[in-house]
Amino acid sequence: MEAMYTFFMDKAGMGELGAHITVAVIMATLMFIVMALCAIIFTWMERKVAGFLQSRYGPMRTGRIHGWAQPVADMLKILGKEDIIPAEADKRLIIFAPLLVLLGSLLAWAAIPWAPGFVDADLDLGLFYIFAVSSMVILGLLMAGWGSNNKWALYGAARGAAQMVSYEIPLALAMILVVMFSGSLNTQDIVVAQQGGI
């Protein structure tokens, strides 16, 4: 990271602010590419397992080589769907809820270290930050259910939120052990504490 800053300040002739903005844009672009590739690969892997268990031909054979084209076909199908907002729904909540879910999912990636010194947000409370921003997904889910002005959608959103909260509690309790061994909530310190084994 420091080498990138010095390159943009010295060789490219940018000021300190310009170098910081350029490095931030590059890092955000790299993280977006990594997240998009992870989504494609994990979707493909999950569809392969489900396709094998359910004897479905699409995930197993689409694209000749092990169903590689199935995530592409799914993406094109989803992008082609019409965005329908019910007449009685709160339009602002219906539009903002998916954005809040996406924002909560993307912000959590900022504190994940990719390499030594290669982390977007090097926070002392990095693990706490990851749990805090990922909880915004639950709010987006509840907002979508409430904004639909439909009691069954609200029941479904409340059920989904309760399910997500019930998953987060044991996950947070499991992280306490990691924090106790590493002695820090900083994600880079946690990674460094794993070197050399136990």
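To start, this report covers the structure provided alongside it. (Residues numbered from 1 in each chain as written. Predicted model: local features only at pLDDT ≥ 70, side-chain atom pairs only at ≥ 80, totals over all residues. Heavy atoms only, no water.)

### Describing the overall build of the protein
Quick note on the threshold: Note on conventions: DSSP H or I runs of at least 4 residues are helices, E runs of at least 2 residues are strands, and numbering of each starts at the N terminus. What the globule rule says is 2.2 Å times the number of residues to the power 0.38, and the radius of gyration is computed from C-alpha atoms. Throughout, exposure labels follow a simple rule: accessible area from a 1.4 Å probe, protein chains only, divided by the maximum for the residue type, with under 20% read as buried, over 50% as exposed, and the rest as partly exposed.
If you tally the helices and strands in the protein, you get nine helices and zero strands. The order of helices and strands in the protein, counted from the N terminus, is α-α-α-α-α-α-α-α-α. Taken over the C-alpha trace, the protein has a radius of gyration of 21 Å; the compact-globule value for 198 residues is 16 Å, which it surpasses by more than 25%. With the principal axes as the frame, the protein shows a C-alpha extent of 55 × 45 × 40 Å. Taken across its 198 residues, the protein has 24% of its residues classed as buried.

### Thoughts on unusual backbone geometry
Backbone geometry at S55 places phi at a positive 55 degrees, although glycine is not the residue there. Within the secondary structure, S55 is located in the loop between α2 (16-54) and α3 (57-61). S55 sits in the exposed class, given a relative accessible area of 59%. Positive phi values are uncommon outside glycine, yet N149 reaches one of about 60 degrees. Along the chain, N149 falls in the loop between α7 (136-147) and α8 (151-182).

### Regarding a nonpolar patch on the surface
Counted only if it meets this: A patch consists of residues exposed above 30% relative accessible area that lack any salt bridge, with like charges linked at up to 9 Å and nonpolar side chains (Val, Leu, Ile, Met, Phe, Trp, Tyr) linked at up to 5 Å. Only the protein chains shown count as cover for residues, and all accessible areas are computed by the Shrake-Rupley method using a 1.4 Å probe. Salt-bridge detection follows one rule: a side-chain nitrogen of Lys or Arg within 4 Å of a carboxyl oxygen of Asp or Glu.
Judged by side-chain polarity, F32, I33, L37, I40, I41, F42 and M45 come together as a nonpolar surface patch covering roughly 710 Å² of accessible area. Mapped onto the elements of the fold, F32 is located in helix α2.

### A few points about the pattern of salt bridges
Taken as a whole, this structure holds two salt bridges when the rule is applied. A salt bridge links D74 to R47, with the nearest nitrogen and oxygen atoms 2.3 Å apart. Of the two residues, D74 sits in helix α4 (residues 70-79) while R47 sits in helix α2, which places them 27 residues apart along the sequence. Given the relative accessible area of 14%, D74 is considered buried.

### Notes on α4
The line we're drawing: The reported arc concerns the directions from the helix axis to the C-beta atoms and nothing else. Any two residues whose heavy atoms approach within 4.5 Å are treated as being in contact.
Among all positions of α4, only Q70, P71 and D74 are buried. One face of α4 carries all of its buried residues, which in axial projection span an arc of 100 degrees. Looking at α4, the residues exposed on the side facing more than 90 degrees away from the buried face are L76 and L79. On its buried side, α4 packs onto α2 and α3.

### Quick notes on the layout of surface pockets
To keep things clear, this is the line we draw: We place a 1 Å grid over just the protein atoms. Points where a 1.4 Å probe fits but has no way out form a cavity, open points with protein on both sides within 12 Å along at least 5 of 7 lines form a pocket, and any residue with an atom within 4 Å of a point lines it. Grid points are joined across faces, edges and corners, and a volume is the space filled by probe spheres set on the points.
Estimated volume of the largest pocket: approximately 470 Å³. Lining the largest pocket are 14 residues; nearest its centre among them are P71, D74, M75, I78 and L79. Broken down by element, the residue count for the lining of the largest pocket peaks at six residues, all from α4.

### Let's talk about the side chain of N186
Take N186: it is sitting in the loop between α8 and α9 (187-193). Beyond its immediate stretch of four places on either side in the chain, N186 contacts D122, L123, D124 and G126.

### Notes on the packing of aromatic side chains
The cut-off we apply is this: In summary, the pairing rule links any two rings of Phe, Tyr or Trp, Trp by its six-membered ring, whose centres are within 6.5 Å, and it sorts them by plane angle into stacked for under 30 degrees, edge-to-face for over 60 and tilted for everything else.
By the definition in use, this model includes one aromatic pair. Here the aromatic rings of W152 and Y155 are separated by 5.4 Å at their centres, their planes lie at 75 degrees, and the arrangement is edge-to-face. Here the residue W152 and the residue Y155 both occupy positions in helix α8, the gap between them amounting to three residues, near one helical turn. Note on Y155: relative accessible area 51%, which makes it exposed.

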